[in-house]
Amino acid sequence: MKEPLIQNETFVKIAAPMVVGVFFLLFWQIAVVAFEMPKYILPGPIEIMKSLVTDWSTLLNALMMTLKITLLAFVIAVVLGVAASLLFIQSKWIELSLFPYAVLLQVTPVVAIAPLIIIWVDDTTWALTVCAVIIAIFPIISNTTLGLRSVDPNLLSMFRMYRTSRWQELVRLRIPGALPYFFGGLRISCGLALIGAVVAEFVAGTGGSKAGLAYLILQSGYNLQIPRMFAALVLITLTGIALFALMVWLSDRALRNWHESALEVEH
Amino acid sequence: MTSSSVTPLKPSTPDPTAEPTVQAGSTNGRPVLQVEGVNKIYANGTVALKGADLTVRQGEFVSLLGPSGCGKSTLLRIMAGLGDVTSGSIKFWEQEYNVVGDKGRKMAFVFQNATLMPWARVRKNVRLPLDLEHQSGPETEQKIDKALEMVGLSGFDNSFPRELSGGMQMRASIARAMVTEPNLLLMDEPFGALDEMTRNKLNDDVLKLWQKNGWTIVFVTHSVYEAVYLSSRVVVMAARPGRIVDDIKIDQPFPRNADFRVSTEFAGYCRQVSQALERASAMGAPQEKKA
Ligand SMILES: Nc1ncnc2c1ncn2[C@@H]1O[C@H](COP(=O)(O)OP(=O)(O)O)[C@@H](O)[C@H]1O
Ligand SMILES: [Mg+2]
């Protein structure tokens, strides 16, 4: 006999937040109508949907721009971050001397250094990318370094007993062991790359053909096109969720055979 | 038994693998390990070993028994060439460690935990020592099959460690140690984390393999019964500072089985070893910090 849907874990997991979401939107729409809220202050969900449709080509252009910077920054952050971690684990001295600077990058608010970077880097796309990299790289560095260091000391002893080269130790032991940490870093970092791309564009305020979602929000604000502002916001949120889901999927695929984080809970 | 990658030895160097197999439990075999006046002081000042002298001969099954913290693991690791000694000497097949060279491979270490790579399937885990030595080919695959078969894990090649029970993980760990065809096996409380049934079963298996293959085993345990049941010799250690205080020969024939566990001889040896252990514990006690 088939179990009733309400007892199906996956169904409940998806349906429950959906129900909450639908009620929220419904309440929002009713409130907006009931209090005759002008749409330049708070548009209802229907207005926002309308804007998503009518302004779609503008929104899509901006989305593509933001997405491009986000992905570019994310890839660069991953490559540089992993390279830095590999450098750090070569010696305690290197790590001790350089890690504080990685922390420095992390604690400096990107809003505060973005204007400088925009002055230094001519090309806007690259300037924004650099800002986003600065935000996104730290979780990669710290997680991967931790992972590469967290080796089972007994396994390490075994490798030493067979007089293994450092290269073998890295490839056979440290890198596979660091994967769960690395993927943890990816999940945090992808969201930060998006935030970096958006925040940097707010600071840069560049318009024209290269405008991203942040600029669209600024501009819509000036023009009191509040529904479009919300539409852009919705797109940023959806992008963030999609990126995160993609990372979760990747990490599950890579780790599902052996790591606890990817284990299905059995019933 | 000699693998192709072993460096040819100088004629003057005795080749352990050429040695005739010694009767299991014999006490007049060639010295495999000679620990002489070894002191070990850790960086934090802990005197883990003080003046340790111990000779392990070919074909012996030696247990190191003592309260926790008495330096059993330290001694075993030193025997494996893992970690330096503060002073004293340690010889492997009557030579200093640095001239033993590639023959180090003939020794295998089994840790308290299975210490498997969780990301690798059982077969990949078992073949690790061979991979590290860059061995491959059909002969290598045969060695792996043989090792898996010996521990009763044939057919589990493609399982991941987490899919196995604790006992089976330990078997995989033993298979990994055996795949190099060692003649010296160092085991650090290998079955301490297992339930008694599994533990007894694995003890019997190890005993059988030891007898059949003419291994030499040094086995760390804190169980008197396990030590007496398995060993041809029980070395009792005391703590603070870690040292060897007693060396008891278990003069009973092999193979041993469940009958031996209930024999009066077994009980007698257990009493003798327990008393030695109590004396050893009392020696360490006065220096113990009071809470
Ligand atoms: N790496 C280490 N650094 C400092 N002290 C250690 C280290 N390893 C072990 N010790 C200390 O050395 C003593 C002997 O340890 P160990 O050989 O592990 O004992 P056992 O295996 O008999 O329990 C203990 O007091 C322990 O705390
Ligand atoms: Mg120990």
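None of these values were measured; they are calculated from a predicted model.

What counts, and at which threshold
Residues numbered from 1 in each chain as written. Chains lettered and ligands numbered in written order. Predicted model: local features only at pLDDT ≥ 70, side-chain atom pairs only at ≥ 80, totals over all residues. Heavy atoms only, no water. Pairing = 2+ DSSP bridges. Helix = DSSP H or I, 4+ residues; strand = E, 2+ residues; numbered from the N terminus. Axes fitted to C-alpha atoms, helices over the stretch in contact; angles between N-to-C directions. Contact = heavy atoms within 4.5 Å. Parallel < 35°, antiparallel > 145°, perpendicular 65-115°, else oblique. Left-handed = near helix turned anticlockwise from the far one by under 90°. Nonpolar A, V, L, I, M, F, W, Y, C, P; charged D, E, K, R; others polar. Near = heavy atom within 4 Å. Polar contact = N/O pair within 3.5 Å; in protein donor to acceptor, adjacent residues only side chain to side chain. Areas by Shrake-Rupley, 256 points an atom, 1.4 Å probe, with all protein chains shown as cover. Core = buried A, V, L, I, M, F, W, Y, C linked by side-chain atoms within 4.5 Å. Buried < 20%, exposed > 50% of the residue type's maximum accessible area, 1.4 Å probe, protein only. Domains from an automatic or database assignment. Phe/Tyr/Trp six-rings, centres within 6.5 Å; stacked < 30°, edge-to-face > 60°. Lys NZ or Arg CZ within 6 Å of the ring centre and 35° of its normal. UniProt positions renumbered as here; feature names shortened; annotations may be inferred. Expected span 1.5 Å × (residues − 1). Buried area = accessible area lost by both parts, 1.4 Å probe. Salt bridge = Lys/Arg side-chain N within 4 Å of Asp/Glu carboxyl O.

Along any regular strand, the residues point their side chains to alternate faces of the sheet. Residue and element names in this part refer to chain B. Sheet topology note: the strand β1 (residues 31-41)/strand β4 (residues 87-92) ladder contains five bridges and is antiparallel. Bridge pairing in β4 links Gln34 to Lys91. Between β4 and strand β5 (residues 95-96), which pair antiparallel in sequence order, lie two residues; one of them, Trp93, sits at a positive phi of approximately 50 degrees.

As a further point, take the sheet that holds strand β9 (residues 233-238) of chain B. Residue and element names in this part refer to chain B. Pairing in this open sheet of six strands is mixed, and the strands run β6-β7-β8-β3-β9-β10 from one edge to the other. One side of each edge strand has no neighbouring strand; the edge strands of this open sheet are β6 (107-110) and β10 (243-249). When the angles between neighbouring strand axes are averaged without regard to direction, this sheet yields 15 degrees. As paired elements, β6 and strand β7 (residues 184-188) share four bridges and run parallel to each other. For Val110, the partnering residue across the bridge sits in β7 and is Met187. The sheet contacts of helix α6 (residues 166-178) involve β6 and β7, and relative to β6 the element is tilted by about 165 degrees.

For the rest of this paragraph, the subject is the packing of helix α9 (residues 213-222) of chain A against helix α10 (residues 226-255) of chain A. How two helices sit against one another is set out by the angle between their axes and by the gap between those axes. All names here are of chain A. Relative to each other, α9 and α10 sit at 160 degrees, their axes nearing to 8 Å. With respect to α10, the element α9 is oriented roughly antiparallel. Two packed elements cross with a definite hand, and for α9 against α10 that hand is left-handed. Listed contacts from α10 to Leu213, Leu216, Ile217, Gln219, Ser220 and Gly221 of α9 are Arg228, Met229, Ala232, Leu233, Leu235 and Ile236. Classifying every residue of the contact of α9 with α10 by side-chain character gives eight nonpolar, three polar and one charged.

In this section: the site of ligand 1. Residue and element names in this part refer to chain B. Taken together, the neighbourhood of ligand 1 is formed by Tyr42, Asn44, Thr46, Ala48, Ser68, Gly69, Cys70, Gly71, Lys72, Ser73 and Thr74. Within the backbone of Cys70, an N or O atom sits 3.2 Å from an oxygen atom of ligand 1. In this structure, an oxygen atom belonging to ligand 1 sits 2.9 Å away from a main-chain N or O atom of Lys72. Protein coverage of the free-state accessible area of ligand 1, which is 560 Å², stands at 61%. With three residues, the top contributor of residues to the shell around ligand 1 is helix α1 (residues 72-79).

Turning our attention to the nonpolar core. Residues and elements named next belong to chain B. The biggest cluster of nonpolar side chains holds 53 residues, and the ones touching the most others in it are Met187, Phe191 and Ile217. If one sorts the elements of this core by residue count, helix α10 (residues 264-284) sits on top with seven residues. The residue makeup of this core includes at least three contributed by each of domain 1 (56-105 + 213-291) and domain 2 (107-181). Not counting residues up to four positions away in its chain, the partners in contact with Ile217 are Glu60, Phe61, Val62, Leu185, Met187, Val206 and Trp210.

Each aromatic ring pair is described using two quantities: the centre-to-centre distance and the angle formed by the ring planes. All names here are of chain B. Applying the stated rule across the entire model yields 14 aromatic pairs over all chains. Every member of this aromatic cluster is reached through a ring pair, and the members are Phe61, Phe191, Trp210, Phe219 and Phe254. Its end group placed over the ring of Phe254, Arg256 keeps NZ or CZ at 3.9 Å from the ring centre. Over the face of the ring belonging to Tyr229 we find Arg261, whose NZ or CZ atom lies 3.7 Å from the ring centre.

Here A:Ile46 shows up in helix α2 (residues 45-54). Separated by 196 residues in sequence, A:Ile46 and A:Ala242 place their C-alpha atoms 23 Å apart.

The subject of this paragraph is the pairing of β9(B). Residue and element names in this part refer to chain B. Burial analysis of β9 places six of its six residues in the buried class, which makes it a mostly covered element. With burial as the criterion, each face of β9 is covered, one bearing Arg233, Val235 and Met237 and the other bearing Val234, Val236 and Ala238. Summarising the sheet, strand β3 (residues 61-65) and β9 pair through four bridges and their orientation is parallel. Pairing of Ser63 across the sheet is with Val234, part of β9. Hairpin connection between β9 and β10: a loop of four residues separates the two successive antiparallel strands, and Arg240 in this loop has a positive phi of roughly 45 degrees.

Next up on the list: the UniProt feature "transmembrane region" (unreviewed entry) in chain A. Feature annotation in UniProt assigns "transmembrane region" (unreviewed entry) to the following positions: residues 12-35, 69-89, 101-120, 126-149, 194-218 and 230-250 of chain A. End C-alpha atoms of residues 126-149 of chain A are separated by 33 Å, and the span's content is 100% helix alongside 0% strand.

Here we take up helix α1 (residues 9-34) of chain A. Residue and element names in this part refer to chain A. Given a rise of 1.5 Å per residue, 26 residues ought to cover 38 Å, and the 37 Å separating the end C-alpha atoms of α1 matches this to within 8%. Among all positions of α1, only Trp28, Gln29 and Val32 are buried. As for α1, its buried residues are in contact with α2 and α10. Positive backbone phi, at 50 degrees, marks Glu36, one or two positions downstream of α1.

What follows is about the interface of chain A and chain B. Many analyses report the size of an interface as the accessible area lost when the parts associate. Listed by partner, the interface residues are 20 residues for chain A and 27 residues for chain B. Surface buried jointly by chain A and chain B totals about 2,100 Å² across both partners, of which 65% is contributed by carbon and sulfur atoms. When the buried surface of chain A facing chain B is broken down by residue, A:Met161, A:Tyr162 and A:Trp258 rank first, second and third, together holding 32% of it. Along the contact surface separating chain A from chain B lie one salt bridge. For B:Asp131, the salt bridge identified is with A:Arg172, shortest N-O distance 3.7 Å. Taken together, the elements giving at least two residues each to the side of chain A that touches chain B come down to α7 (153-161) and α8 (166-204) of chain A.

This next bit is on the domain arrangement of chain B. Residue and element names in this part refer to chain B. The domain architecture assigned to chain B consists of domain 1 (56-105 + 213-291) and domain 2 (107-181). Relative placement of domain 1 and domain 2: their C-alpha centres are 26 Å apart. Taken together, the contact between domain 1 and domain 2 spans 12 residues of the former and eight residues of the latter. Taken together, the two surfaces of domain 1 and domain 2 that pack against each other cover about 750 Å², and 64% of this comes from carbon and sulfur. At the boundary of domain 1 with domain 2, the tally comes to zero salt bridges. Taken together, the links from domain 1 to domain 2 amount to zero residue pairs in polar contact (both at pLDDT 80 or more). With three residues, α1 is the single largest residue contributor to the side of domain 1 that touches domain 2. In terms of residue class, the side of domain 1 that touches domain 2 is made up of seven nonpolar, two polar and three charged.

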